[in-house]
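Summary of structural features
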Amino acid sequence: AGQATVEVLGHAYQRDDFTNVTPKILAKVGRNLHNQSHHPLWLIKERIKSHFYSLYTCRGNPLFSVHDNLSPVVTVEQNFDSLLIPPDHPSRKQGDNYYLNRETMLRAHTSAHQRELVRSGLDAFLVAGDVYRRDEIDTSHYPVFHQMEGVRLFSNHQLFQKVENSEDLSLFEAGGRRTPHKQETHSLEAVKLLEFDLKHTLTRLVTHLFGAAVDVRWVDCHFPFTHPSFEMEVRFQGDWMEVLGCGVMEQQLLNAAGAGNKVGWAFGLGLERLAMVLYNIPDIRLFWSQDERFLKQFQVQDIQLPVSFQPLSKYPPLHNDISFWLPTNSQKFIENDFYELVRSIGGDLVEKVSLVDKFQHPRTGRWSRCYRISYRHMERTLTQQEARLVHQQIEHAAEAALGVQGRY
Ligand code: PHE
């Protein structure tokens, strides 16, 4: 605080009223877990790369190029506008993103690079990188995680080459309408082939990663940069877990990127989610662990060899509640600001924050909230005194920074 600029990767960015990155987050920029040899995220990235390299070649050369060193600092324009995300879209909220200033941010998804890579002339590429989102706090959410993006474009000839008597088929049709199944400019046959190829490609990928027994299902969903759009879920410990979003790329995006004569699909998958399912990793904070007992389990000779992960014994958690009155204008209270504050003080000791009670004072009308913070150290047992100390700092900081009134 007090400084006029934020420094990230050796660059200084002017602060303004949008700046909301914290030192704890900035400390993660440049860690590049996905490029750290034998880290579980690196291992999954390598397995995905080798799957795409071996399966998709063009005259002996890999079809997909891989980009895993693009800076996570992107313009707001790249992260949102280039993907047709409207100016008033809720995903742009300060409460959900890390802004360096009004123009620049830490990317919220690897899709931020789609347009520049298509514009550079690539027809098939993968992007792996760290992404940043302010979010709730629990065992499967962390403000920094890693994604792998995939894009594949097809010309008329490439898409229809396997279809017999395909001379009369075309990618585009004039005067068409947008329906739940297709964009206005696309022909139905092009979309159906694209959608089939997309789902087939991704099903093969997860079968390669998890084995043939994996249970997969598709859910319709919505993204501003694809239509139609889908989510893939994988069954994990009896529950369905969302692992990726994908769809047929919006033609307007391709037109703007100089690839208006092609159609394409795109997907973005969460590497932590896949790794948690694949290796049975119980807590997302473990990916940041420097503990040898965790890391050495992934030191396989060959990336295709199975890893049998032995979860570190879980040390007991400690729960402490915090209750406060919200500011009289309760709109002023942004839940993610509270999560952020808890995170910036408690760091990785905080496993989960859950809302346990909301209550409105019958006379004053003021709202009170009570949250339960679960503290747990990944590598040893925490003492109640240690947890208390952190908890008190959170209590003080909440009053000072969020305008709440403690009921401590
Ligand atoms: N970028 C989307 C996300 O982070 C995922 C996605 C990528 C969806 C590509 C469609 C196409 O949720």
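Calculation notes
- Residues numbered from 1 in each chain as written.
- Predicted model: local features only at pLDDT ≥ 70, side-chain atom pairs only at ≥ 80, totals over all residues.
- Heavy atoms only, no water.
- Helix = DSSP H or I, 4+ residues; strand = E, 2+ residues; numbered from the N terminus.
- Rg over C-alpha atoms; globule rule 2.2 N^0.38 Å.
- Buried < 20%, exposed > 50% of the residue type's maximum accessible area, 1.4 Å probe, protein only.
- Contact = heavy atoms within 4.5 Å.
- Areas by Shrake-Rupley, 256 points an atom, 1.4 Å probe, with all protein chains shown as cover.
- Lys, Arg positive; Asp, Glu negative; His and termini not counted.
- Charge placed at Lys NZ, Arg CZ, Asp CG, Glu CD.
- Pairing = 2+ DSSP bridges.
- Axes fitted to C-alpha atoms, helices over the stretch in contact; angles between N-to-C directions.
- Parallel < 35°, antiparallel > 145°, perpendicular 65-115°, else oblique.
- Nonpolar A, V, L, I, M, F, W, Y, C, P; charged D, E, K, R; others polar.
- Salt bridge = Lys/Arg side-chain N within 4 Å of Asp/Glu carboxyl O.
- Polar contact = N/O pair within 3.5 Å; in protein donor to acceptor, adjacent residues only side chain to side chain.

1. A few points about the overall build of the chain
Scanning the chain from terminus to terminus reveals eleven helices and 17 strands. Here the chain has a C-alpha radius of gyration of 23 Å; the compact-globule value for 408 residues is 22 Å, and the two agree. Structurally, the chain occupies a C-alpha span of about 75 × 50 × 45 Å along its principal axes. Expressed as a percentage of its 408 residues, the buried residues of the chain come to 52%. In the chain, 64% of the contacts between residues at least 6 apart in sequence involve partners at least 24 apart. Taken as a whole, the chain presents about 19,200 Å² of accessible surface, with 49% of it coming from carbon and sulfur. With 44 positive and 48 negative side-chain charges, the chain shows a spacing of 4 Å between the two charge centroids.

2. A word on the sheet that holds strand 15 (residues 350-360)
Spatial ordering of the open sheet is given by 15-16-14-17, a layout of four strands whose pairing is antiparallel. Strand pairing shows two members of the sheet lacking a second neighbour, strand 15 and strand 17 (405-406), which therefore form its edges. As judged from the eight bridges shared by strand 14 (residues 318-325) and strand 16 (residues 367-375), these two strands associate in the antiparallel manner. Residue Asn 320 lies in a different strand from strand 16, and its bridge partner there is Ile 373.

3. Comments concerning the packing of helix 2 (residues 40-55) against helix 8 (residues 271-279)
The interhelical angle for the contact between helix 2 and helix 8, taken along N-to-C directions, is 95°, at an axis separation of 10 Å. Relative to helix 8, helix 2 is oriented roughly perpendicular. Residue-level contacts link Pro 40, Leu 41, Leu 43, Ile 44, Arg 47 and Ile 48 of helix 2 to Leu 271, Glu 272, Leu 274, Ala 275, Leu 278 and Tyr 279 of helix 8. Counted by class, the contact of helix 2 with helix 8 contains ten nonpolar, no polar and two charged residues.

4. Points about the pattern of salt bridges
All told, the structure shown has 26 salt bridges when counted by the stated rule. Lys 45 serves as the salt-bridge partner of Glu 46, at 3.8 Å between the closest nitrogen and oxygen. Here Glu 46 falls in the buried class, since its relative accessible area comes to 16%. We note a salt bridge from Arg 217 to Glu 233, for which the minimum N-O separation is 2.7 Å. Of this pair, Arg 217 sits in strand 10 (residues 216-223) while Glu 233 sits in strand 11 (residues 226-236), and the two are 16 residues apart along the sequence. Looking at Arg 217, the relative accessible area reads 35%, which means it is partly exposed. By relative accessible area, which is 12% here, Glu 233 ends up buried. Residues participating in the shared-partner salt-bridge network are Lys 45, Glu 46, Lys 49 and Asp 68.

5. So, the pairing of strand 13 (residues 263-270)
Within a regular strand, side chains alternate between the sheet's two faces. Counting buried residues in strand 13 gives eight out of eight residues, a clear majority hidden from the surface. Neither face of strand 13 is open: one carries Val 263, Trp 265, Phe 267 and Leu 269, the other Gly 264, Ala 266, Gly 268 and Gly 270, and all of them are buried. With eight bridges joining them, strand 9 (residues 144-154) and strand 13 adopt antiparallel strand pairing. Within strand 13, the position partnered with Glu 149 by the bridge is Gly 268. Bridge count between strand 12 (residues 239-249) and strand 13: five bridges; the pairing is antiparallel. Paired with Cys 246 across the strands is Phe 267, a residue of strand 13.

6. Brief notes about the side chain of Asn 20
Assignment of secondary structure puts Asn 20 in the loop between strand 2 (11-14) and helix 1 (23-26). With a relative accessible area of 14%, Asn 20 lands in the buried category. At 2.6 Å, the side chain of Asn 20 and the backbone nitrogen of Tyr 99 are in polar contact. With residues near it in sequence (within four places) discarded, Asn 20 still touches Gln 94, Asn 97, Tyr 98, Tyr 99 and Arg 134.

7. Focus: the pairing of strand 8 (residues 124-132)
Of all nine residues that make up strand 8, nine are buried, and the element is covered over most of its length. Here strand 5 (residues 65-67) runs beside strand 8; their pairing, made up of three bridges, is parallel. For His 67, the partnering residue across the bridge sits in strand 8 and is Val 127. With nine bridges joining them, strand 8 and strand 9 adopt antiparallel strand pairing. Bridge pairing links Ala 128 to Met 148 in strand 9.

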